[in-house]
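# Tertiary structure, described
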Amino acid sequence: MSFFSAPDFIQKLDSFFAREDVKGAQNYLRETYAELASDENASARLTVLNEIIGLSRQTNEEKEALCAIDEAVRLIDKCGIEGTKSAGTIYLNCATTLKHFSKAEKSIEYYSKTSEIYDRILDENDPLKAGLYNNMALALQDLEQYEKAEEMFRKAIDITLTDDKNALETAVSYVNLAHLLFDLNPI
């Protein structure tokens, strides 16, 4: 592939989703990645891999997701973007996908990397941090680390309560916290 434009790539990918053409989106991602395989543009490959990770989670393609995660993590280092918001976003996608495939323990590694990055570069009340905390809490709950899970849910709620536009995220975190507390203390 001679030239890769991330905005054009995302626009074309979104056109498949707008038509609810998941198979078309999968084929497009696979073909684009194959075209980029010999390209020196690791950043372009990373962009495509991040989308493959997310779509593989949605379609329950575990093997494809895990291969994409391994390659994405390798490319983060190769691209020299470790510690950036982009790397944090990719790590969060990896963690959420690992948790989805019942690999909560491994997901914590990537949630932690995301947290380190976000703590360093984002505002204390950035909504991205609330999403991270909520998802991390779910993985901790799977690992029966209930106190840490509760702490993460409460951190997410504290952030979402700072802005009325986050009402839905606040509600989700409260529901998740309620499930955790109920599981710990059934009526």
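Overview of the structure. (Residues numbered from 1 in each chain as written. Predicted model: local features only at pLDDT ≥ 70, side-chain atom pairs only at ≥ 80, totals over all residues. Heavy atoms only, no water.)

### Considering the environment of Ala 42
As a reminder of what qualifies: In this text, helices come from DSSP runs of H or I with a minimum length of four residues, and strands from runs of E with a minimum of two, each type numbered from the N-terminal end. Residue contacts are defined here by distance: any two heavy atoms, one from each residue, within 4.5 Å place the two residues in contact.
Here Ala 42 lies in helix 3 (residues 42-58). Once you skip the residues sitting within four places of it in the chain, Ala 42 turns out to touch Leu 75, Lys 78 and Cys 79.

### A word on empty space enclosed by the protein
Using the following cut-off: In the cavity and pocket records, a cavity denotes points on a 1 Å grid over the protein atoms alone where a 1.4 Å probe fits but cannot get out, a pocket denotes an open set with protein on both sides within 12 Å along at least 5 of 7 lines, and lining residues are residues with an atom within 4 Å of a point. Grid points are joined across faces, edges and corners, and a volume is the space filled by probe spheres set on the points. Under the grouping applied here, Gly and all other residues not named as nonpolar or charged are polar, the nonpolar ones being Ala, Val, Leu, Ile, Met, Phe, Trp, Tyr, Cys and Pro and the charged ones Asp, Glu, Lys and Arg.
For the coordinates displayed, the defined rule picks out 1 cavity of 30 Å³ or more. In terms of lining, the largest cavity is formed by Gln 26, Leu 29, Arg 30, Ile 52, Leu 55, Ser 56 and Glu 64. Among the secondary structure elements, those contributing two or more residues to the lining of the largest cavity are helix 2 (22-36) and helix 3. Among the residues making up the lining of the largest cavity, the classes are represented as 3 nonpolar, 2 polar and 2 charged.

### A closer look at the nonpolar core
The test is simple: Residues belong to one nonpolar core when they are buried, are Ala, Val, Leu, Ile, Met, Phe, Trp, Tyr or Cys, and are joined through side-chain atoms within 4.5 Å. Classification of residues uses two cut-offs on accessible area relative to the type maximum, computed with a 1.4 Å probe and protein chains only: under 20% is buried, over 50% is exposed, and between them is partly exposed.
If you look at the biggest cluster of nonpolar residues, it comprises 53 residues, and the most contacted ones within it are Val 48 and Tyr 111. No other element matches the 8 residues that helix 3 contributes to this core. When neighbours within four sequence positions are excluded, Tyr 111 is seen to be in contact with Leu 92, Ala 95, Thr 96, Lys 99, Leu 132, Asn 135, Met 136 and Ala 139.

### Regarding helix 4 (residues 62-79)
How we decide: To estimate how far a helix should reach, multiply one less than its number of residues by 1.5 Å.
With 18 residues, helix 4 extends 25 Å from end C-alpha to end C-alpha; this agrees with the ideal 26 Å at 1.5 Å per step. Within helix 4 the residues assigned to the buried category are Ala 65, Ala 68, Ile 69, Glu 71, Ala 72, Val 73, Leu 75 and Ile 76. Gly 80 sits one or two positions beyond helix 4 and adopts a positive phi of about 70 degrees.

### Let's talk about the environment of Glu 150
Looking at where Glu 150 falls in the secondary structure, it is placed in helix 8 (residues 146-160). Counting along the chain gives 28 residues from Glu 150 to Ala 178, while the straight-line C-alpha distance between them is 9.6 Å.

### Observations regarding the packing of aromatic side chains
To be explicit about the condition: Aromatic pairing here means that ring centres of Phe, Tyr or Trp (its six-membered ring) are within 6.5 Å. Orientation follows from the plane angle: under 30 degrees is stacked, over 60 is edge-to-face, and everything else is tilted. For a Lys NZ or an Arg CZ to count as sitting over a ring, it must be within 6 Å of the ring centre and within 35 degrees of the ring normal.
Throughout the structure, instances matching the rule amount to 4 aromatic pairs. Summarising the aromatic geometry, the rings of Tyr 91 and Tyr 110 are spaced 5.7 Å apart at their centres and angled 25 degrees between planes, so their arrangement reads as stacked. With Tyr 91 in helix 5 (residues 85-100) and Tyr 110 in helix 6 (residues 104-121), the pair connects residues that are 19 residues apart, well separated along the chain. The two residues Tyr 91 and Tyr 110 agree in class, both being buried. Positioned over the ring face of Tyr 133 is Lys 155, at 4.6 Å from the centre of the ring.

### With respect to the side chain of Ser 173
Formally: Side-chain atoms alone can form a polar contact between residues adjacent in sequence; in general such a contact is a pair of N or O atoms within 3.5 Å, and within protein one must be able to donate a hydrogen while the other accepts it.
Along the chain, Ser 173 falls in helix 9 (residues 167-184). Here Asn 134 takes part through its side chain, which lies 3.4 Å from a polar atom of the side chain of Ser 173. Beyond its immediate chain neighbours, meaning those up to four positions away, Ser 173 contacts Asn 134, Phe 153, Ala 156 and Ile 157.

### A look at the packing of helix 1 (residues 6-18) against helix 2
The angle between the axes and the distance between the axes are what describe a pair of packed helices. Stated formally: Only C-alpha atoms enter the line fits that serve as axes; for helices the fit covers just the stretch in contact. Angles between N-to-C directions range over 0 to 180 degrees. Any angle between 65 and 115 degrees counts as roughly perpendicular, while under 35 counts as roughly parallel, over 145 as roughly antiparallel, and the rest as oblique.
Contact pair helix 1 / helix 2: the axes reach a minimum separation of 8 Å and the direction vectors enclose 155 degrees. On the basis of the axis angle, helix 1 is roughly antiparallel to helix 2. Between helix 1, through Phe 9, Lys 12, Leu 13, Phe 16 and Phe 17, and helix 2, the contact on the second element is made entirely by Gly 24, Ala 25, Tyr 28, Leu 29 and Thr 32. Tallied by class, residues from the contact of helix 1 with helix 2 come to 7 nonpolar, 2 polar and 1 charged.

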